[in-house]
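Residues per chain, in single letters:
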Amino acid sequence: MQIKIAKDWELRESEVTSEDAYLSRRRMIKALGLATASPLVFSSLAEGATEGFPTKLNKKYLPPKGTKPTEFKYVTGYNNFYEFSTDKFEPRILANRGWKTEPWTIEIGGHVEKPLKLDVNELAKEMAPEQRVYRFRCVEAWSMVIPWDGFPLNKLIKKAKPTSKAKYLKFTTFLDKKAGPGFQKYPYYDWPYTEGLRMDEANNELSFLATGIYGRALPNQNGAPLRLVVPWKYGFKCIKSIVRIDFTDKQPSTLWNAAAPREYGFYANVNPEVAHPRWSQARERVIGAGAFADRIPTLKFNGYQKEVGHLYEGMDLKKNF
Ligand code: MTE
């Protein structure tokens, strides 16, 4: 992965995401009759938002002890979205230059009883989104704490009715060369972006499909309208703007694993004991903590050992990194 560690203080006030970018999706939410702002929601009202997103905070997933949610302007202004740019500040601009993420269809296939084609707005309505605050740890050794709106992946798996042959899930992102300058600028990547999970990982209670952030519809630069969130894994597993999910019997190939298998494993569980070949994973820089803040220690499974540790019992985590 190309890394360019930009510094927190490089994010200027003028780079805060504009309200306009959200208006069309927010109108859609209103039209669905779902816009009932709840006090039990982390919203960005303090930063000028005018509407809530229809989700309720799930109190099982409050900000982890000793953390507070990263400011909205950093979550939506400091991004990795290579379909647009490898620069952290450009996705916010380039993903909002006419790229349409609504309407959006997602197809589900492979080892399922019957392939499905679903409208994402309809799906979100059916799945009754909730809000969960999760830690987020990028493989580049920076971190955030993010209030996501969405629904557990296992709810969608139930709906998809996989057969007994299904052992893995393969996720695929859109491929539209006109929408994303990155496809042509970085032709050496095996587009479209793909990711994968083992079936039991996907069914774990933490695996989440996000449709929003901070009580607002997911901004394009964060992977609108639907992206994966697996908080115990490095951020590159959290594939954005999903168009397909396939249930497979073999471990699927994934973009980063194919590009650099020694650097980016299929599992990619956050692990301070397993260094990336080019840098340590023992500590992390907290985005928004300030230029002179100390890096904090990284936690095994990003602090979610209790929830997911059992999935890897008996596995050599140094080999299966
Ligand atoms: N999904 C797609 N389709 N394209 C990407 O470039 N980058 C990944 C992941 N999902 C990426 C992606 C990486 S490396 C990270 S760290 C997270 O998205 C960043 O998510 P964020 O921009 O919402 O913080």
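For the structure, check the block above.
Residues numbered from 1 in each chain as written. Predicted model: local features only at pLDDT ≥ 70, side-chain atom pairs only at ≥ 80, totals over all residues. Heavy atoms only, no water.

Quick look at the packing of aromatic side chains now. The relation between two aromatic rings is expressed through the spacing of the ring centres and the mutual angle of the planes. Counting across every chain of the model gives 31 aromatic pairs. Seen from their ring centres, Trp 104 and Phe 174 are 6.2 Å apart, and the 75 degrees between their planes marks the pair as edge-to-face. Pair noted here: Trp 104 is in the loop between helix H3 (91-94) and strand E2 (105-110) and Phe 174 is in the loop between strand E6 (168-173) and helix H6 (182-185), with a separation of 70 residues, a long-range link. When sorted by exposure, Trp 104 lands in the same class as Phe 174, which is buried. (Phe/Tyr/Trp six-rings, centres within 6.5 Å; stacked < 30°, edge-to-face > 60°. Helix = DSSP H or I, 4+ residues; strand = E, 2+ residues; numbered from the N terminus. Buried < 20%, exposed > 50% of the residue type's maximum accessible area, 1.4 Å probe, protein only.)

Our focus in this paragraph is the site of the ligand. Among the 17 residues in the neighbourhood of the ligand, the closest are listed as Asn 79, Tyr 82, Glu 83, Cys 238 and Lys 240. Tyr 82 has a polar backbone atom sitting 2.7 Å from an oxygen atom of the ligand. Note that an oxygen atom of the ligand is positioned 3.0 Å from one of the side-chain N or O atoms of Arg 227. In isolation the ligand offers 530 Å² of accessible surface; the protein chains occlude 99% of this area. Of the residues that constitute the shell around the ligand, the class distribution is nine nonpolar, five polar and three charged. (Near = heavy atom within 4 Å. Polar contact = N/O pair within 3.5 Å; in protein donor to acceptor, adjacent residues only side chain to side chain. Areas by Shrake-Rupley, 256 points an atom, 1.4 Å probe, with all protein chains shown as cover. Nonpolar A, V, L, I, M, F, W, Y, C, P; charged D, E, K, R; others polar.)

Mapped onto the secondary structure, Thr 70 falls in the loop between strand E1 (56-57) and helix H2 (72-75). Residue Thr 70 is classed as buried on the basis of its relative accessible area of 5%. Within the structure, the side chain of Thr 70 is placed 2.8 Å from the backbone nitrogen of Val 145, a separation counted as a polar contact. With residues up to four places along the chain from it excluded, the contact list for Thr 70 reads Val 75, Met 144, Val 145, Tyr 214 and Ile 287. (Contact = heavy atoms within 4.5 Å.)

Our focus in this paragraph is unusual backbone geometry. For the peptide bond that leads from Trp 191 to Pro 192, omega is 0 degrees, which places it in the cis range. You can see Pro 192 is positioned in the loop between H6 and strand E7 (194-198). For the peptide bond that leads from Ala 224 to Pro 225, omega is -5 degrees, which places it in the cis range. One can find Pro 225 in the loop between strand E9 (216-217) and strand E10 (227-229). Phi at Ala 141 takes a positive value of approximately 70 degrees, unusual for a residue other than glycine.

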